[in-house]
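A closer look at the structure
This is what each chain is made of:
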Amino acid sequence: MKFLRHFGSHALVAALIATITCATSPAFSQPVDTLPKPLSAVLDSSVKPAQRDAMTLAARRFYAFWNTGDAKYATLALAPDFMDRNLPPGRPQGPEGPVFASKNFRAAVPDLQVEVMEMLLVGDRVISRLRFTGHYSGT
């Protein structure tokens, strides 16, 4: 599944196209209803319900990763062969890249919160508009 993440904050606007799988794990006990929900969602009616549910769950786990910084959500959302097609210098490729980015960003903005403004599920893609808020610590 393809996933486009666009997030904006005071001076931060970025876009990332990534491959996401819907990883499921019986060991993961986080109830789905506690994962971030989009304020607005548009779902492609041609996508079968099972695929739509899997894509939505993967996206919501990825939102939870950015909202909490907890790497377990990234592990559940990102495929082992995840590739960042807009990899900045110094960031590792693969699933470790977003975890690395989150840790560094949270060092500067420790109270980072994510609000899912919009989610579009079209074909094999999830396109999201996220609002990042927090206070820059100066680090």
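What this report covers is the structure whose coordinates are included nearby.

Reading the values: rules and limits
- Residues numbered from 1 in each chain as written.
- Predicted model: local features only at pLDDT ≥ 70, side-chain atom pairs only at ≥ 80, totals over all residues.
- Heavy atoms only, no water.
- Buried < 20%, exposed > 50% of the residue type's maximum accessible area, 1.4 Å probe, protein only.
- Helix = DSSP H or I, 4+ residues; strand = E, 2+ residues; numbered from the N terminus.
- Pairing = 2+ DSSP bridges.
- Salt bridge = Lys/Arg side-chain N within 4 Å of Asp/Glu carboxyl O.

**Thoughts on the pairing of strand β5 (residues 125-133)**
Alternating residues of β5 divide into V126, S128, L130 and F132, all buried, and R125, I127, R129, R131 and T133, none buried. The pairing of strand β4 (residues 113-122) with β5 spans nine bridges and is classified as antiparallel. Counted as the bridge partner of E118 is R129 from β5. Connecting the antiparallel pair β4 and β5 is a turn made up of two residues, with G123 showing a positive phi of about 60 degrees.

**With respect to the pattern of salt bridges**
Evaluated as defined, the whole model comprises four salt bridges. Linking D70 and K72 is a salt bridge whose minimum nitrogen-to-oxygen distance equals 3.7 Å. For R131, the salt bridge goes to E115, with nearest N and O atoms at 3.5 Å. Highlighted residues: R131 in strand β5 and E115 in strand β4, separated in sequence by 16 residues. The exposure class of E115 is partly exposed, given its relative accessible area of 32%.

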